[in-house]
Amino acid sequence: MTRTIMPMLLALALPAGASASLGGTVATVEADRVHMKAALIGITQSGAYTVHTILSPTGTKIREYYGASGVIFGVAWDGAWQPDLRQLFGSYFDRYQRALQGARKARKTRGPVAVDDGTVVVRIGGHLRSVVGVAYVPQLIPAGVDPGVVK
Amino acid sequence: MPRVLIFGTLLLVAQVSSPQCGSTTPAAPDGSGPAIAAAASNVLPIAVNGGPTNDALNSVFATVTVCVPGTSNCQTIGGILVDTGSYGLRIASSALTLSLPQQTGTSGAPVVQCFAFLDSVTWGPVVTADVRLAGEQASAIPIQVIGTDRFPSIPSGCSSQGSPEETVSDLNANGILGIGLGIHDCGSDCTIVGPSNPGLYYTCPASGSCQVTQEPVVNQVVNPVAVFPSDNNGAIIQLPAVPTGGQASIAGALIFGIGTQSNNGLGSAKVLTTDAFGNMQTTFNGQSYGNSFLDSGSNGIFFLDTATTGLPACRLSTGFYCPPSVRAFSATQVGANGATSAVSFNAGSVDSLNATFSVMSEATGSNPGGFDWGLPFFYGRSIYTAIAGRSTPAGNGPYWAY
């Protein structure tokens, strides 16, 4: 019960527009969780970064990665249904959509998503009822951490 | 622009639905692929070509006929992508001139679908149609019409799952025929009230905004094959082999039913079953990768990343690999039943493909977590997709066999 209330207070304390995840601070992990009505199911620390794992109500597992600064440098997910990417990507969502639309003009992959616009990297794979994705911002990754940890 | 597309559509209809299509297929050289099935009531001609936009790559198209239920008021539409990675028929509104009855929810408001593919969402109304594929018919089934012309405001809960695709040009197809391992495109999840509902179905009242609705399974967009009176346990995609360097186009066959007719037996095909999510495993360089699957709707063999494969990304063709010379790879597909199949494939430069070609067997690209065995894997094979819970001579689906 206490756990449910605290994140809600945290979310209320955030300024409008701060409910971003990627590029936001660790407080937005809680904002995401509340927005998505998700449950926190794990916190693991691996040296230079920490991973919060949340379970969305549709059963998709979402992992959010942040370093000592508290800034979220990567997110990853897997499950039957795509999560709310606008919420998860925060201010990077519009860039992501633009990059997808730009890619359509080239010889287009039909299938997985592979976006790298120089600022944000997004990879999504799978098929109906099984989705796997990762997104990260290379400039936000703590020194010495490999982007491959976001998975 | 729409006029040009319509002409393209008509041309494609003529090409794909021509009765000569099956019989004029050049005989594949020995050892380079299956004999393509002769015309029959359960055989739909398919072709890999540029499609309605004339620029598709490794996309396999068929012609479907949709009718107002119970009538002979019908429209035949070519350039429909055959996709074993999804379930249900979706047609771009600009390609559909026939007026089909709108599905309504319990409130009487029209039902509109938000369907998420990996890189996009499609938004548009659910309508009811008789769907005819070769001599088979799925009667009065829900299908999706893609486009914002009738319901212009895409709810944010829908657009937040991807980038909307609304036109033939966005889709690189006039529609998508989903004939994968499953039956209904959402299942029981979409009948749930509240945030656990993944939000594939909305009702859009005349006044007010569209809201996520609880959609009974029987009203959901459905794999047409599963609704046929017979030959309803799966389908087979047969395509000829393709030489390295690519080809302008190829023709093949989509055969309905598995072990139900003289032309759709399993023969010596190896059966690889999937887990509940439609995945198997792939072993590559001693590592096992879950989230691996066969998907005719993916236009390359997508696997892992540059760091793992040593294959550089293309400069132009986003998402594909472009090695300076063709490289050979091998891997082992492992079914949930433990069955294994060693396979080999090539990776070549997609940027270097002859611009007039629509078929390239060595098209590969990146994919997080596993192997997406897309259409190039189907070249030179007969690949069986058995529907979940349906009985076949090799046991119940879901499985792939080849």
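Residues numbered from 1 in each chain as written. Chains lettered and ligands numbered in written order. Predicted model: local features only at pLDDT ≥ 70, side-chain atom pairs only at ≥ 80, totals over all residues. Heavy atoms only, no water.

Novice: Explain the overall build of chain B to me, please; I cannot follow it from the model alone.
Specialist: In terms of helices and strands, chain B carries 7 helices and 23 strands. In summary, chain B has a C-alpha radius of gyration of 20 Å against a globular reference of 21 Å for 402 residues, a match within 12%. The proportion of buried residues among the 402 residues of chain B is 59%. Look at the contacts in chain B between residues 6 or more apart in sequence, and 67% of them connect residues 24 or more apart. Carbon and sulfur atoms make up 53% of the accessible area of chain B, which totals about 14400 Å². Counting 9 positive and 20 negative side-chain charges, chain B places the averaged centre of each group 3 Å from the other. (Helix = DSSP H or I, 4+ residues; strand = E, 2+ residues; numbered from the N terminus. Rg over C-alpha atoms; globule rule 2.2 N^0.38 Å. Buried < 20%, exposed > 50% of the residue type's maximum accessible area, 1.4 Å probe, protein only. Contact = heavy atoms within 4.5 Å. Areas by Shrake-Rupley, 256 points an atom, 1.4 Å probe, with all protein chains shown as cover. Lys, Arg positive; Asp, Glu negative; His and termini not counted. Charge placed at Lys NZ, Arg CZ, Asp CG, Glu CD.)

Novice: Help me understand unusual backbone geometry in this model?
Specialist: Residues and elements named next belong to chain B. The omega torsion across G397 and P398 is 10 degrees, close enough to zero to call that bond cis. Positionally, P398 belongs in the loop between β22 (381–386) and β23 (399–401). For A140, which is not glycine, the phi torsion reads 50 degrees and is therefore positive. On the secondary structure map, A140 appears in strand β7 (residues 136–146).

Novice: Whenever I open this one, the packing of aromatic side chains confuses me. Can you help?
Specialist: Aromatic ring pairs: the centre-centre distance and the angle between the two ring planes describe each pair. Within the structure shown, the criterion is met by 23 aromatic pairs over all chains. Measuring from centroid to centroid gives 6.3 Å for A:F93 and A:Y96, while their planes differ by 45 degrees, and the two rings are tilted. Of this pair, A:F93 and A:Y96 both sit in helix α4 (residues 93–103), 3 residues apart, which is roughly one turn of the helix. When the ring centre of B:F115 is taken as reference, the NZ or CZ atom of B:R90 above it lies at 3.5 Å. In this arrangement the basic side chain of B:R381 is found over the ring face of B:F377, its NZ or CZ atom lying 3.9 Å from the centre. (Phe/Tyr/Trp six-rings, centres within 6.5 Å; stacked < 30°, edge-to-face > 60°. Lys NZ or Arg CZ within 6 Å of the ring centre and 35° of its normal.)

Novice: Would you take a moment to explain the state of the cysteines for this structure?
Specialist: Working definition of a disulfide: a covalent bond connecting the sulfur atoms of two cysteines. All names here are of chain B. Following the criterion strictly, the structure yields 5 disulfides over all chains and no others. Disulfide pairing is shown between C314 and C322; the S-S distance is 2.0 Å. The S-S bond linking C314 to C322 shows a torsion near 85 degrees; that makes this disulfide right-handed. Among the residues examined, C314 registers a relative accessible area of 12% and is labelled buried. Here the bonded cysteines of chain B are numbered in sequence order, and their pairing is 1-2, 3-4, 5-6, 7-8, 9-10. (Disulfide = S-S within 2.5 Å.)

Novice: I'm lost on the interface of chain A and chain B in this one. Help?
Specialist: A common way to express how large an interface is: the accessible area buried when the components associate. Contact residues are listed per partner, giving 35 residues for chain A and 57 residues for chain B. For the chain A and chain B pair, buried surface summed over both sides reaches about 3800 Å², with 52% attributable to carbon and sulfur atoms. Between chain A and chain B we count 0 salt bridges in total. The class makeup of the residues in the side of chain A that touches chain B is 16 nonpolar, 10 polar and 9 charged. (Buried area = accessible area lost by both parts, 1.4 Å probe. Salt bridge = Lys/Arg side-chain N within 4 Å of Asp/Glu carboxyl O. Nonpolar A, V, L, I, M, F, W, Y, C, P; charged D, E, K, R; others polar.)

Novice: What is the right way to read the confidence of the model for chain B from this model?
Specialist: Should the pLDDT be low somewhere, the predicted coordinates at that spot are not to be read in detail. All names here are of chain B. Chain-level pLDDT for chain B is 92 on average; 92% of the residues reach the 70-or-more range. Scored below 50 in pLDDT, residues 1–30 shows 25 contacts in the model against residues more than four places distant or in partner chains. With a pTM of 0.90, the predicted complex shows an ipTM of 0.87. (pLDDT = per-residue confidence, 0-100.)

Novice: In this structure, what is going on with the pattern of salt bridges? I would like to understand it.
Specialist: Where side chains of opposite charge bring their charged atoms close, a pairing between them can arise. Residues and elements named next belong to chain A. This model, assessed by the stated rule, comprises 3 salt bridges over all chains. When the shortest N-O distance is used, the salt bridge between D78 and R63 registers 2.9 Å. Highlighted residues: D78 in strand β4 (residues 72–79) and R63 in strand β3 (residues 61–67), separated in sequence by 15 residues. Taking relative accessible area as the criterion, D78 reaches 29% and is therefore assigned partly exposed.

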